[in-house]
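# Residue-level structure breakdown
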Amino acid sequence: MTCDEAKILLHALLDNELDAGHAREVEAHIAACPACAAEFAAQREMKRVLADTNLRYSAPASLRTRIEASIPQARPQPSRRSVLRGFAMGSAVSALAASGVVAVVLRQDDQQRILSEVVSAHLRSLQAGHLIDVVSTDQHTVKPWFNGKLDVAPPVIDLTAQGFTLVGGRLDYIDARAIGAVVYKRRQHIINLFVSQTASTEHRPPKTQTMQGFNCRRWGERGLNFWAISDIGGDELSEFVDKFEAAMKANVEG
């Protein structure tokens, strides 16, 4: 088993998702490979840290009040038939409302899970030898490198003149899918720009979130999801995203 093959299976080994045969192969490789052993130890520590992080979302009490207020009130002195009908209607409305609440909670939980994976991928990239697969400051070298490796190659834009230096790119994994990571530097700080394909073509404005000391700015554009993550300040990360979006729009219109 090669290091590239083992690295793809480390997460599965950590989550006990491998069959006995593959588990033995990965464990044997880790025992003989210090680099993969260090990677596995780092992922195990990351899992422990994330397990201690409170990511559970609790709906506010005011939500119950709004749901109950939206249920039609029974008329005075109703008949037995109308009572039963009203009870059935109220139950149906409550079920629909509850389903909506569950959907909202699941979406927010899913977003937090993806953010957690983005942070984990960023941390992995900062380990020695993990940051860049193709080293180049030339966007015409980095972008073609992704061709054939992904369904859609990520946009690669040279922002050196704007203070954000392109240094290369690599393949990474978010939400169990291979995605492109375009790497920039702001002084000595690394900015990972993760790009994945999505079915939605609508524009989603940038939104900044913070986790484990990293700022992550997420947005959607033209069938692509973007996550820009770094330890630079939120204002500088917003500046990076604004300049990237403006350059991407200019390239499309040009």
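I will try to describe carefully the structure that is included in this document. (Residues numbered from 1 in each chain as written. Predicted model: local features only at pLDDT ≥ 70, side-chain atom pairs only at ≥ 80, totals over all residues. Heavy atoms only, no water.)

Moving on, we get to unusual backbone geometry. Glycine aside, negative phi is the norm for most residues, and most peptide bonds take the trans geometry. The backbone phi angle of Asp175 is positive, close to 55 degrees, even though this residue is not glycine. Mapped onto the elements of the fold, Asp175 is located in the loop between β2 (165–174) and β3 (177–186). The backbone of Arg187 sits at a positive phi, close to 55 degrees, despite the residue not being glycine. Mapped onto the elements, Arg187 comes out in the loop between β3 and β4 (189–197). (Helix = DSSP H or I, 4+ residues; strand = E, 2+ residues; numbered from the N terminus.)

Moving on, we get to empty space enclosed by the protein. Under the definition given, this model contains one cavity of 30 Å³ or more. Within this model, the largest cavity holds a volume of roughly 40 Å³. Looking at the largest cavity, the residues that line it are Gln111, Ile114, Leu115, Gln209, Cys216, Arg218 and Trp227. Taken together, the elements giving at least two residues each to the lining of the largest cavity come down to α5 (80–125) and β6 (214–221). Partitioning the lining of the largest cavity into residue classes produces four nonpolar, two polar and one charged. (1 Å grid on protein atoms, 1.4 Å probe; cavity = no way out; pocket = protein on both sides within 12 Å on 5 of 7 lines; lining within 4 Å. Points joined across faces, edges and corners; volume = space filled by probe spheres on them. Nonpolar A, V, L, I, M, F, W, Y, C, P; charged D, E, K, R; others polar.)

The next thing to look at is the packing of aromatic side chains. For the coordinates displayed, the defined rule picks out seven aromatic pairs. Relative to Phe146, the ring of Trp145 lies with its centre 5.1 Å away and its plane at 80 degrees, an arrangement referred to as edge-to-face. On the accessibility criterion, Trp145 (21% relative accessible area) is partly exposed. Assessed through its relative accessible area of 0%, Phe146 is described here as buried. Ring-pair connections join several aromatic residues into one group, and the members of that group are Phe164, Tyr184, Trp219, Phe226, Phe240 and Phe244. Taking the ring centre of Trp145 as reference, the NZ or CZ of Lys149 above it sits at 4.4 Å. Above the face of the Phe164 ring, Arg186 is positioned so that its terminal group lies 4.3 Å from the ring centre. (Phe/Tyr/Trp six-rings, centres within 6.5 Å; stacked < 30°, edge-to-face > 60°. Buried < 20%, exposed > 50% of the residue type's maximum accessible area, 1.4 Å probe, protein only. Lys NZ or Arg CZ within 6 Å of the ring centre and 35° of its normal.)

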